[in-house]
Structures are given as C-alpha cells and as structure tokens.
Amino acid sequence: MEVVRSEFVPDASLSREEMEDLQREIAETAVFADDLHVDPARICGDGDGPATDTDQTSLDAVGAGERDGTPADDPPLVAGVDQAFVDDHAVSAIVLLRDGEVVERVHAVEPAEIPYIPGLLSFREGTAILAAFDALEREPDIALVDGSGRIHFREAGIATHVGVTLDLPTVGVAKNLLCGTPRESLDRKLPQGARVAIEADADVETAEHGTRIGDAVQTRQFENSDRYVNPLIVSPGHRVSADTAADVVLACAAGYKLPEPTRLADQYADDVKSEVREELD
DNA sequence: GCGACAG
DNA sequence: ATCTTGTCGC
C-alpha cells in the first residue's frame, strides 16, 4: 500500500525542532477515535486456526463490514509490524494475518540515518516501515505497530506517525511506558485481561492533563506463581479509540505476552536480520 | 545541574 | 534495539 500524506513521510535530515514541529502537525491530523471497519470480536488470535461459527456470534459494534470493499463475512486483515537492526541498517518486517493465519509477509531493509532518540523513534525506523508497507500487496484493516502511538510527548509516536502517513488504522504496542501516568500502580500482579488507563501528565505537552491516552493491557499472566508478567502499553495510533486499541490487542492475544501479529513480525524480523547479517560481508 | 525517556 | 548461557518454572 502507498503513502497518502507525503508531507508526513519521516525525513531524517530534518533538525530536531523540525521533527518535533512535524509531530505536532501529525498529532493534529491524527484521529484518536474509531474510524475503521474492524470488529475486535471477529479477530481470531487464539492460534487455533480459522474461527468456527460459534466464534462469530458478536454484533458489529463498530460497524464491521458496512463499507464498500471489504466483504462483511470476511474476518479482518490484521498486520503486525516490528523492527530489528543490523549495524546501521533497520529491518522492518510486516506479517499480515486473517483469522489467525498468515496470509502475507514482507520486509524491507533501509539504512538507519539517525540514532535512537526518545520521542523521535519514527525518524529512525519510519523509512524502513514505509518501504515494507509499500511492498505489501494487500491493504490491512488495521496494523499493530511496536512502539507507542498517542502515548508520546507530542501525541505522535511511531504508530501514529505511520498511521497518519498511510491513513491506516493503527495501534501502538509497547513493552515500556514512554510517558504519562498510570491511573493505578502497575507494580503489582494484574489479572489477565486487565486494563489500567494511562493519563496525560506534564510530559505530554499537547494534551490536557488527565486525558486518557492509552492503557496498560495484561495480555498474559501466570496463575499459580508468585512471579508476574508486566503489562503491555497500548495506545491509539490513528483512527482507533483507546478502548478499541485495547480490545484489538486482547483479541489478538494467543497465550503469549505479545499479540500474534506483533509476535510473528518479531520472529520474522529476527530471521531477516540473520540473513542480512551475512550479506554484510 | 538532575532526572527521564518507545526501540 | 543489541551483546548472550544457563536456568527456574509451568
């Protein structure tokens, strides 16, 4: 699929201030509300293959299948996006799933122009991600991007940047909190399926203090153990509300901490990384 | 000056 | 993110 907002394509040659200004523009263009035709309940992420009839008894709470182009009886296409690095090169891998099964897989390798700078991640990895999306034959109904979305200093994390540039519904899935304050402590064992709101604080300069910008989501938890799994940090990227973002991630969970699309993209990125590592001579 | 910060 | 063996637990 192709870029829709070319003015937002990440440019690593911009100054830090220009990058931040661009992020403010992106945040203003971003839609942190549901504008998609995906019913989370119709996403099968339990790893048991195609959904059975009994798995599809949900109502189309968000208008699933009401638009042209996507058959109402077809489960949504969910993409997982992840990056890996080899020397100064970024590897972006995308795995596309439908009903829990891989239907397409692509990757791209691009030079990483700038170092990692908290808050400017998309300018380091964005080019590779867009190149991978360009190679993707089908158009996903939604994409899960590793990293933050709205949970960002200027509400324009990598998931938001990519989503707005492609005008594609996206969700940010991070393993750590970049900014914002959890409504309650995350330093305790949360039950599987639990969600804890993340609110904007002084570090989020573009949002009103207290605004819910995402959630900590417990996709997996130990039952009979003193040990516990930390929650994932989920936030809207573009055209998705915080509630739906969490719904989609939980719907894609299949017994692992990472939702299937992201987990498989992570594996694929590692495979590609090994191959690229040799071509370096 | 100190703290704090996705991947 | 990346460099890395074994090891504890379900």
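Chains are numbered independently. Their residues run from 1 in the order of the written sequence. Throughout, the order in which chains and ligands are written sets their labels, letters from A for the former and numbers from 1 for the latter. Residue-level local features of this predicted model are given only where pLDDT is at least 70; pairs of side-chain atoms are given and counted only at 80 or more, and the full residue set underlies all totals for whole chains, interfaces and linings. With hydrogens and water stripped out, all remaining heavy atoms of the structure feed into the side-chain values.

Caption draft 1: The arrangement of the pattern of salt bridges in detail. Salt bridge, as used here: a side-chain nitrogen of Lys or Arg that lies within 4 Å of a carboxyl oxygen of Asp or Glu. Tallying each qualifying case throughout the model produces 16 salt bridges. Here Asp21 makes a salt bridge to Arg24, at a shortest N to O gap of 2.9 Å. One end of the pair, Asp21, and the other, Arg24, are both in helix H1 (residues 16-29), three residues apart, so they sit about a helical turn from each other. Burial classification: accessible surface area is computed with a 1.4 Å probe over protein chains only, and a residue below 20% of its type maximum counts as buried, one above 50% as exposed, and the rest as partly exposed. Using a relative accessible area of 38% as the deciding quantity, one classes Asp21 as partly exposed. Relative accessible area serves as the criterion here: at 28%, Arg24 is assigned to the partly exposed category. Salt bridges sharing common partners tie together Arg16, Glu20 and Arg154. Under the DSSP-based scheme used, a helix requires at least four consecutive residues in state H or I and a strand at least two consecutive residues in state E, with every element numbered from the N terminus.

Caption draft 2: Region of interest: the protein's contact with DNA strand C. Around DNA strand C sit Ala84, Phe85, Lys175, Asn224, Lys273 and Arg277, and those are all the residues in its vicinity. In the environment of DNA strand C, a phosphate oxygen lies 3.4 Å from a nitrogen or oxygen atom belonging to the backbone of Phe85. Here a phosphate oxygen of DNA strand C and a side-chain polar atom of Lys273 are 3.0 Å apart. When residue character is reported, Ala, Val, Leu, Ile, Met, Phe, Trp, Tyr, Cys and Pro are called nonpolar, Asp, Glu, Lys and Arg charged, and the others, Gly included, polar. Taken together, the residues of the surface near DNA strand C break down into two nonpolar, one polar and three charged. Nearness is defined per residue: one heavy atom within 4 Å of the molecule or strand is enough. Polar contact is the term for a pair of N or O atoms within 3.5 Å; when the atoms are in protein, one must be able to donate a hydrogen and the other to accept it, and sequence-neighboring residues count only if both atoms are side-chain atoms.

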